Amino acid sequence: MSIWTSYRLRLQRKRYKIRSRRKGRELTQIADRTTEIKPEDILLFCVFRNENLRLPYFFDYYRKLGINHFVMVDNDSDDGGREYVADQHDASIWTTDAAYGKARFGMDWLTRLQDKYGHGHWALTVDVDELFVFPFCDVRPIRALTDWLDAGRRRSFGALLVDLYPKGPVGAVPYERGKDPLDIINWFDSGNYVISRNERMRNLWIQGGVRARAFFAGEPKKAPALNKVPLVKWHRRYSYVSSTHMILPRGLNIVYDQKGGEKISGALLHTKFLDPITPKSREEMQRGQHYARGREYKAYEQADDTLWTSASRRYVGWQQLEDCGLISAGSWA
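Residues numbered from 1 in each chain as written. Predicted model: local features only at pLDDT ≥ 70, side-chain atom pairs only at ≥ 80, totals over all residues. Heavy atoms only, no water.

Q: Talk me through the side chain of Ser77; I want residue IDs and the actual numbers.
A: Looking at where Ser77 falls in the secondary structure, it is placed in the loop between β3 (69-74) and α3 (81-86). Here Ser77 falls in the buried class, since its relative accessible area comes to 5%. Reaching out from Ser77, the side chain makes a polar contact with the side chain of Asp74 at a distance of 2.5 Å. Setting aside its immediate chain neighbours within four residues, Ser77 contacts Phe48, Arg49, Asn50 and Arg82. (Helix = DSSP H or I, 4+ residues; strand = E, 2+ residues; numbered from the N terminus. Buried < 20%, exposed > 50% of the residue type's maximum accessible area, 1.4 Å probe, protein only. Polar contact = N/O pair within 3.5 Å; in protein donor to acceptor, adjacent residues only side chain to side chain. Contact = heavy atoms within 4.5 Å.)

Here you go:
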């Protein structure tokens, strides 16, 4: 990597910081409980819009995992989700009606809040339809993981986005608020993953799974990226580049061993293919606020079809993902 490239990446990071301060002015505080955040607390950061259906289980899941405080940004919801979050005792929430796409798909807003409240904390950044799993998460809280990462002087933790889907047609079984989405969508593709190396950002670029198979079979290079760095020991110098797929400084992206060994890694169970995916896809297409003007959502209009095949595997736990080579316990025992 040339000195010139390193210099340009530093400038890029500085530009993101300037953007985040400017975009932070778009946020209006609704409920602020950040004075209750303790120095050792693990924080969750999230941007959402019209996710009232999913929010109760989302909070329940991450509380049980060990999250201490939720820092949330509402992007102009009109379904009661903003009010629900404002009532949660362990959440602080800001709202904005500004364009999601013009805020780097929400990352400018989160960067501002991460810098202000996340500095020195382990920060988990996820979407409402993402459930974080890691080795031994069934018996160990997230603090056990962050303590182990601290002991090894690691500042970031990688996760593969694993798309879940039902055995029958998507949307055939209505989702009930507060229920575990895995009661309905619990199948995944155990293979069909392609890895390439991004020399500039030092990360592995991973594509594949059901979305590549079902929606981008003719253009696999346009399939969504599945590599993420959702858990970071935050510092004011840091900034995500593309959602949580990449982060600066680029050393934080080295979350997988790229020389034949194994580093500990986890997964984000992606519950997007849950009723009502099709009407939500149409709404997001019309808004045009997502990457490539919602190209993915155009494909998801077909999601009423059955995604399941005889090669699909039913999700039963993190050990299964490790057996499939999708996550690793590394040296953590």
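The rest of the description comes next.
Q: Before we move on, could you go through the layout of surface pockets and cite the residues and values that matter?
A: Here the second largest pocket defines a volume of roughly 330 Å³. Lining the second largest pocket are 17 residues, and of these Ile195, Tyr256, Gly325, Leu326 and Ile327 lie nearest its centre. (1 Å grid on protein atoms, 1.4 Å probe; cavity = no way out; pocket = protein on both sides within 12 Å on 5 of 7 lines; lining within 4 Å. Points joined across faces, edges and corners; volume = space filled by probe spheres on them.)

Q: Mind laying out the environment of Trp187, listing which residues take part and the relevant values?
A: Along the polypeptide, Trp187 turns up in strand β8 (residues 187-188). For the pair Trp187 and Glu176, spaced 11 residues apart in sequence, the C-alpha separation works out to 19 Å. Excluding its chain neighbours within four sequence positions, the residues that come into contact with Trp187 are Asp163, Leu164, Tyr165, Pro166, Lys167, Trp308, Ser312, Arg313 and Arg314. Side-chain polar atoms of Trp187 contact the side chain of Asn186, separated by 3.2 Å.

Q: Explain empty space enclosed by the protein to me, using residue names and the numbers behind them.
A: Taken as a whole and judged by the stated rule, the model has 2 cavities of 30 Å³ or more. The calculated volume of the largest cavity comes to roughly 60 Å³. Together, Arg54, Tyr57, Phe58, Val128, Asp129, Leu131, Tyr175, Pro181 and Thr271 line the largest cavity. Of the residues belonging to the lining of the largest cavity, the class tally is 6 nonpolar, 1 polar and 2 charged. Lining of the second largest cavity is provided by Asn203, Leu204, Asn227, Lys228, Val229, His245, Asn253, Val255 and Tyr256. Within the residue set of the lining of the second largest cavity, elements represented by two or more residues are β10 (203-208) and β11 (227-233). (Nonpolar A, V, L, I, M, F, W, Y, C, P; charged D, E, K, R; others polar.)

Q: An account of helix α4 (residues 107-118) is needed here, citing residue identities and associated values.
A: When the terminal C-alpha atoms of α4 are compared, their 14 Å separation across 12 residues is substantially less than the 16 Å that a helix rising 1.5 Å per residue should span. The buried fraction of α4 is high, at 10 of 12 residues. Considered for burial, the residues of α4 that qualify are Met107, Asp108, Trp109, Leu110, Thr111, Leu113, Gln114, Asp115, Tyr117 and Gly118. Buried residues belonging to α4 abut α1 (3-23), β2 (43-48), β3, β4 (91-95), β5 (122-125) and β12 (239-242). (Expected span 1.5 Å × (residues − 1).)

Q: Quick one: what's the story with unusual backbone geometry, residue by residue and with numbers?
A: With the exception of glycine, most residues fall at negative phi, and the peptide bonds are largely trans. Cis peptide bonds are those with omega within 30 degrees of zero, and the linkage from Leu248 to Pro249 qualifies with 0°. With respect to the helices and strands, Pro249 occurs in the loop between β13 (246-248) and β14 (266-270). Positive phi, close to 65°, is recorded for Arg202, a residue that is not glycine. Inspection of the secondary structure puts Arg202 in the loop between β9 (193-198) and β10. The residue Ser243 is not glycine, and still its phi comes out positive at about 50°. Residue placement: Ser243 occurs in the loop between β12 and β13. Judged by its relative accessible area of 28%, Ser243 falls in the partly exposed class.

Q: Now, about the pattern of salt bridges: what can you tell me, with residues and values included?
A: Overall, the coordinates contain 16 salt bridges when judged by the stated rule. The shortest N-O distance in the salt bridge between Asp108 and Arg19 comes to 2.6 Å. Of this pair, Asp108 sits in helix α4 while Arg19 sits in helix α1, and the two are 89 residues apart along the sequence. By relative accessible area, Asp108 is classed as buried at 0%. (Salt bridge = Lys/Arg side-chain N within 4 Å of Asp/Glu carboxyl O.)

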